[in-house]
Amino acid sequence: MIEHPGSSLSAWNVRAGRWLHTNMWLLAPRFVIVLSLVLAAMLLWGIYDVSQGAHDSFWLGSAFFGAFALHAGLIIRRQGWLGLEAPPDERERLVEMSATRTAGCVVTLLVAVWAWLLGWFADRGMWFPRDPQEWESTGKFILSAFFLIANFTAAWMTPPYAAELLDES
Amino acid sequence: MSRVIHNRIAMFRADAGMSRRELADAVGVNPQTIGFLERGDYKPSLELALLLAGVFSVPVELLFSFEPFPSLSQTLKETRA
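Here's what I pulled together on the structure shown here. Nothing here was measured: the structure is a model prediction, and the numbers come from that model.

Let's shift gears to the overall build of chain B. A tally of regular secondary structure across chain B gives six helices and two strands. Over its C-alpha atoms, taken along the principal directions, chain B stretches across nearly 40 × 35 × 20 Å.

Next up, the structure:
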C-alpha cells in the first residue's frame, strides 16, 4: 500500500508515534473512559466478594490501587508536573471542577440511598459492614467510586477531537 | 442561561497569520482551548475574551456576538449595494 505524506494513515502514524514516545496514550480521554469502566466492574465484583465473606478481596484491592493510581496520574498530568503539558487553563479547571462536583454528588447520593435502605432492610438480610476489615473495604469502595466517577466524567467532557487540535497547532 | 455565543477567532487568527499555539501562548491558555473556542464548544470568561480581543487589537464585540456574524460574501454584497 502506497502511503501519501498527507494521508490520514500517515498522520495517524505520526500521532501514534508521538503518543507512544511520550506515554500520553496512558492518560488519553478514551483510554481513561475504558479503564474507568474496567476498574468499576472490578470494584463492584470486589464489594460483592466482600459481602460474601472475603475479607481481603483481590478485586477490590486491585480496583482501589488502579483507581488511586489513575487519579494521581491524571492530577500530575493536569498540573503539568510531567512537563508534557502546561498547567491547566480556565477551561481545564472548569472541566476538573465539574467532574469533581459530579463525582461528589453521585457518591453522596448513593451512600445516602444505601444508608436509607439499610434502615429498612438491615434486619431482613441486607449486607452491611460488621467488622473493621469490612469497614475498611467499604471505605476503599466509596473512595474508588469517587475517583472513577470523577475521571470518567472529566474524560467524557473532553471531545474526541481534542488530540487532533494539538497536532493542527 | 445558555445562549450561543458566535465568534470570529479563527478568521482573525488566520488574518494575523498566527497558529493556535501562538495565539494560546499570547493569552496564556492551552492550544486545545483555542480550538474549542473556534468550534464554539467553549464559552470564554470575560477575562479571556478581553485578552483575545487585545491580541487582535479590536473591540471585544467584533470578536464575539450573540448573533451569527455575516459571511464575507454577504458583507461584500452589502458594501457594494
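Next up on the list: the interface of chain A and chain B. Quoted interface sizes are often the accessible area lost when the parts come together. Listed by partner, the interface residues are eleven residues for chain A and 15 residues for chain B. Sorting the residues of the side of chain A that touches chain B by element identifies helix 4 (90–121) and helix 6 (162–168) of chain A as the ones contributing at least two each. No other element matches the four residues that helix 6 of chain A contributes to the side of chain A that touches chain B. Of the residues contributing to the side of chain A that touches chain B, the split by class is five nonpolar, one polar and five charged.

Our next topic: the nonpolar core. By size, the foremost hydrophobic cluster in this structure holds 23 residues, and its most contacted members are Leu43(A), Leu60(A), Ala63(A), Ala67(A) and Leu148(A). Listing elements by their share of this core, those giving two or more residues are helix 2 (29–51), helix 3 (58–78), helix 4 and helix 5 (132–156) of chain A. It is helix 5 of chain A that contributes the most residues to this core, nine residues altogether. Setting aside chain neighbours within four positions, we find Leu43(A) in contact with Leu60(A), Ala63(A), Phe141(A), Ser144(A) and Ala145(A). Counting residues in each nonpolar core, the second largest holds twelve residues, with Leu23(B), Val29(B), Leu37(B) and Leu63(B) among its members.

On to the packing of helix 2 of chain A against helix 5 of chain A, then. All names here are of chain A. Taken N-terminus to C-terminus, the directions of helix 2 and helix 5 make an angle of 160°; their axes are 9 Å apart at the nearest point. Taken together, the axes of helix 2 and helix 5 are roughly antiparallel relative to one another. Read as a crossing pair, helix 2 and helix 5 show a hand that is left-handed. Contacts from Pro29, Val32, Ile33, Ser36, Leu39, Ala40, Leu43, Ile47 and Val50 of helix 2 reach helix 5 at Glu134, Ser137, Phe141, Ser144, Ala145, Leu148, Asn151, Phe152, Ala155 and Trp156. Looking at the contact of helix 2 with helix 5, its residues break down into 14 nonpolar, four polar and one charged.

This part takes up helix 2 (residues 20–27) of chain B. Residues and elements named next belong to chain B. Those residues of helix 2 not exposed but buried are Arg20, Leu23, Ala24 and Val27. The buried residues of helix 2 occupy an angular sector of 100° when the element is viewed end-on, so they sit on one face. Backbone geometry just downstream of helix 2 places Gly28 in the positive-phi region, at approximately 75°.

What counts and what doesn't
- Residues numbered from 1 in each chain as written.
- Chains lettered and ligands numbered in written order.
- Predicted model: local features only at pLDDT ≥ 70, side-chain atom pairs only at ≥ 80, totals over all residues.
- Helix = DSSP H or I, 4+ residues; strand = E, 2+ residues; numbered from the N terminus.
- Contact = placed C-beta atoms within 7 Å.
- Nonpolar A, V, L, I, M, F, W, Y, C, P; charged D, E, K, R; others polar.
- Core = buried A, V, L, I, M, F, W, Y, C linked by C-beta atoms within 7 Å.
- Buried ≥ 20, exposed ≤ 12 C-beta atoms within 10 Å, placed from the backbone.
- Axes fitted to C-alpha atoms, helices over the stretch in contact; angles between N-to-C directions.
- Parallel < 35°, antiparallel > 145°, perpendicular 65-115°, else oblique.
- Left-handed = near helix turned anticlockwise from the far one by under 90°.
- Arc of directions from axis to C-beta.

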